[in-house]
Structure formats: structure tokens, C-alpha cells
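# Understanding the architecture of this molecule
Each chain, written out:
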Amino acid sequence: MAATEPRRPAADHGLFGPDSVTWRLHADPAMAFAGLRALLMQAIHPLAMAGVAQHSTFREDPWGRLARTGEYIGVTTFGTTEEARRMGAMVRGIHRKVVGVEEESGTPYRASDPDLLLWVHCAQVDSVLAAMRASGVPLTAQEADRYVSEQLVAAELVGIDRALAPSTTTELAAYFAEVRPRLRVTAEGRKAARFILFPPMPTKAWAARPAWAGLATAAFGLLPAWGRRLYGLPGLPPAALAASVTARAWRLTTSRLPTSMREGPMLTAARARLAEEGLHWTGYGVEPLPEKLAG
């Protein structure tokens, strides 16, 4: 009887894998708008904003903060399971140290509070869906629900009981309806919004200022109407329409860039792991790698 070959260990495709909606959306250029919108959403929760204002280095190092946030999304989405879990453990450790008092109300807060963690999680998930839809990314209602459900894994990673987090878009909308009475823009929130619109830039990057202002303005327009009103901005449909036009133009332009310029290092590494298995990620799943590339 012929000896059988040893079985290869199952490949580690991380927390979500190449067949997930999460991979497809998080690899899309529209994530630029999702990230900025999420920051603006998070800032309308007084306690979440207080934690950022009192403990974050975003004012001293805004670009470093954005880079670290992008790295977190990249690692937890496209990294191996171990890489993602290490990143989650690091964030949970940071949250345990973030405690304080929101100055305007005198309310104490802890970043590890499940309610605050849930707010940040839902703001991020909702922002991804809003940015993708506004940018023209094909996304059915079923795929949107699947994305929300997949993100239960991300919720658990930062310490949220998955039973507390929305698992469908309907549940996500219900969450925001329930939490809205507790939301307001504090003085720190207004400062953060102005900072997002007009961040410090090196002198040599002066040409990028108009482009950044366009991205940030569009992010404001992608907020829900009630969110824009909290910032004292028009909640009327034209604001969202203008933001969508900007987002679609950005996505169309960025999508034409070489893959090496628009995909992060973690997705590149994930593609390499798939190639070792003779597979290629199409954006919607995997297929066999052509022999001329596999060889």
C-alpha cells in the first residue's frame, strides 16, 4: 500500500478570510471616507470624545494616529489569526488605562466600558457601509447584513460581548435610534471636527491641502442627517448628494492607480500567503492562480 503524503496544515486566512465581505470592503479605496466619517461619528459621543481628547496624541501626531488606525484595520482584516489577536490584545490593554472625567458634564468614563466600546464599533461599521454605498461600491442588502454579522468578530476582539453588538443593518439602525438622545457635540468635539478639516501639514505638502479639505468635507456630508445637525451643519439631502459625487470621483480615480499604490502591506502579505497555496484573490473570493504566475 502506497504511503500517503503528510497532510499540509490548514492555511491561516485570518479572522475573516478571502471569501468575506469584510475583505472586499476593507480593500476598497472608499475606506478613506469610512475612516474620516467614523472619527466624526465617534466625536459626537461626549465620553468617547473626552477619552480621545485627554489621552490621544492626535493633535501632536495626527498623521501617525491615522496611520496606526489604518494599521489596526489592516492587521485585523488581512493579517493572520495570531497577528489579529495580538493587535486586539494591545488595544484592550491601552483601553484599560484610559480613564477620566468628561469636563462639561462631570461624568466619569472608562474606555473599556462596554457601552463606549460598542459606540466606537457601531460608528465604524456604519461608516464603512455609508462610505461604500455613497462611493458606488456594489453592495446588496444581504451583503450589508453579512458585513455587520462578520464584524461581530471585530467586536469580540476589543472586548465586546457579541450578544450586545448588532448583527444586521436593521439592528444597527435600532442601536443608533436608541443611543441618539445621549449624543451631543462638546467643545472638544467641535475642536476635533475643525482639526479633521484643517490638520497641520508640512510646508512641502501644501498642494495636498485642497484635496484633503475635499475628502474631509465629503466625510461630513456622509454623516447621517441627524449627525450633521448635531455639528450645526445642514441635514438636507443636497449635502449627502455632494459628498457622494466627491466620493465616487475619488474612488474612480484611486481605483486606476497601480495595485502597489492602493493596497496596504497587510493585504499584500495576505495575497502572498494565498499565492503559496496556488490561489488568487479576485476581490470576491479565490480562484486558482494561473500557472504562469504560480510557477
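Described in the following lines is the structure provided in the data block. (Residues numbered from 1 in each chain as written. Predicted model: local features only at pLDDT ≥ 70, side-chain atom pairs only at ≥ 80, totals over all residues. Heavy atoms only, no water.)

## Points about the overall build of the chain
Within the chain, the regular secondary structure consists of 16 helices and four strands. Over its C-alpha trace the chain gives a radius of gyration of 20 Å, about what one expects of a compact globule, namely 19 Å for 295 residues. In the chain, which comprises 295 residues, the proportion classed as buried is 45%. Counting only contacts in the chain whose residues sit at least 6 apart along the sequence, the fraction spanning at least 24 positions is 70%. Entry remark: accessible area of the chain is about 15700 Å², with carbon and sulfur atoms responsible for 60%. Between the mean site of the 33 positive side-chain charges and the mean site of the 28 negative ones, the chain shows a separation of 7 Å. (Helix = DSSP H or I, 4+ residues; strand = E, 2+ residues; numbered from the N terminus. Rg over C-alpha atoms; globule rule 2.2 N^0.38 Å. Buried < 20%, exposed > 50% of the residue type's maximum accessible area, 1.4 Å probe, protein only. Contact = heavy atoms within 4.5 Å. Areas by Shrake-Rupley, 256 points an atom, 1.4 Å probe, with all protein chains shown as cover. Lys, Arg positive; Asp, Glu negative; His and termini not counted. Charge placed at Lys NZ, Arg CZ, Asp CG, Glu CD.)

## Some remarks on helix H2 (residues 31–42)
Helical geometry note: an α-helix holds 3.6 residues per turn, so side chains three or four residues apart project in the same direction. Here H2 contains 12 residues, and its C-alpha end-to-end distance of 16 Å stays within 8% of the 16 Å for a straight helix at 1.5 Å per residue. The buried count for H2 comes to nine of 12 residues, which makes it a mostly enclosed element. Burial in H2 covers these residues: Met31, Phe33, Ala34, Leu36, Arg37, Ala38, Leu40, Met41 and Gln42. (Expected span 1.5 Å × (residues − 1).)

## Here's the deal with the pattern of salt bridges
Scanning the model with the defined rule gives 10 salt bridges in all. Among the salt bridges present, the one from Asp126 reaches Arg37, with a minimum N-O distance of 3.1 Å. Highlighted residues: Asp126 in helix H6 (residues 114–134) and Arg37 in helix H2, separated in sequence by 89 residues. The residues Asp126 and Arg37 share a single accessibility class, namely buried. (Salt bridge = Lys/Arg side-chain N within 4 Å of Asp/Glu carboxyl O.)

## Structural notes on the packing of helix H7 (residues 141–150) against helix H9 (residues 169–179)
Contact geometry of H7 with H9 gives a least axis separation of 8 Å together with a crossing angle of 65°. Here H9 runs roughly perpendicular to H7, going by the angle between their axes. When H7 is examined against H9, the residues Ala144, Asp145 and Val148 are found in contact with a partner set consisting of Thr169, Thr170 and Leu172. Among the residues forming the contact of H7 with H9, the class breakdown is three nonpolar, two polar and one charged. (Axes fitted to C-alpha atoms, helices over the stretch in contact; angles between N-to-C directions. Parallel < 35°, antiparallel > 145°, perpendicular 65-115°, else oblique. Nonpolar A, V, L, I, M, F, W, Y, C, P; charged D, E, K, R; others polar.)

## Considerations on the packing of H6 against H7
Two numbers describe how H6 lies on H7: the axes approach to 10 Å, and their chain directions differ by 155°. Taken as axis vectors, H6 and H7 run roughly antiparallel relative to one another. Our pair here, H6 against H7, has a crossing hand that is right-handed. When H6 is examined against H7, the residues Val125, Val128, Leu129 and Arg133 are found in contact with a partner set consisting of Ala144, Tyr147 and Val148. Here the contact of H6 with H7 is built from residues that sort into six nonpolar, no polar and one charged. (Left-handed = near helix turned anticlockwise from the far one by under 90°.)

## Remarks on the side chain of Ser135
As for its position among the elements, Ser135 is in the loop between H6 and H7. Accessibility expressed as a relative area gives 4% for Ser135, which makes it buried. For Ser135, the side chain forms a polar contact with the main-chain oxygen of Ala131, separated by 2.7 Å. In this structure, Ser135 is in contact with Ala30, Phe33, Ala247, Arg248 and Arg251, ignoring residues within four places of it in sequence. (Polar contact = N/O pair within 3.5 Å; in protein donor to acceptor, adjacent residues only side chain to side chain.)

## What about the packing of aromatic side chains?
Within the structure shown, the criterion is met by eight aromatic pairs. Both rings, one in Trp119 and one in Tyr175, keep their centres 6.5 Å apart while their planes meet at 35°; by these two values the pair is tilted. One end of the pair, Trp119, is in helix H6; the other, Tyr175, is in helix H9, and 56 residues separate them in sequence. Looking at Trp119, the relative accessible area reads 0%, which means it is buried. Here the aromatic cluster, defined as three or more aromatic residues joined through ring pairs, consists of Trp119, Tyr175, Phe176 and Trp226. (Phe/Tyr/Trp six-rings, centres within 6.5 Å; stacked < 30°, edge-to-face > 60°.)

## What about the nonpolar core?
Most often, soluble globular proteins have nonpolar side chains that are buried together. Judged by nonpolar contacts, the single largest core of 81 residues is most densely connected at Leu25, Trp119, Phe176 and Tyr231. Element by element, the count of residues in this core is highest for H6, at 12 residues. Ignoring anything within four residues of it in the chain, the contact list for Tyr231 reads Leu40, Ala43, Ile44, Val185, Gly189, Ala193, Phe220 and Leu223. (Core = buried A, V, L, I, M, F, W, Y, C linked by side-chain atoms within 4.5 Å.)

## Description of the environment of Ser244
Here Ser244 is to be found in helix H13 (residues 237–255). Sequence separation between Ser244 and Val153 is 91 residues, and the spatial gap between their C-alpha atoms is 29 Å. When sequence neighbours within four positions are dropped, the list of residues in contact with Ser244 reads Ala134 and Leu222. A polar contact is formed between the side chain of Ser244 and the backbone oxygen of Ala134, at a distance of 2.7 Å.

Function cannot be inferred from these measures alone, as they are strictly geometric.
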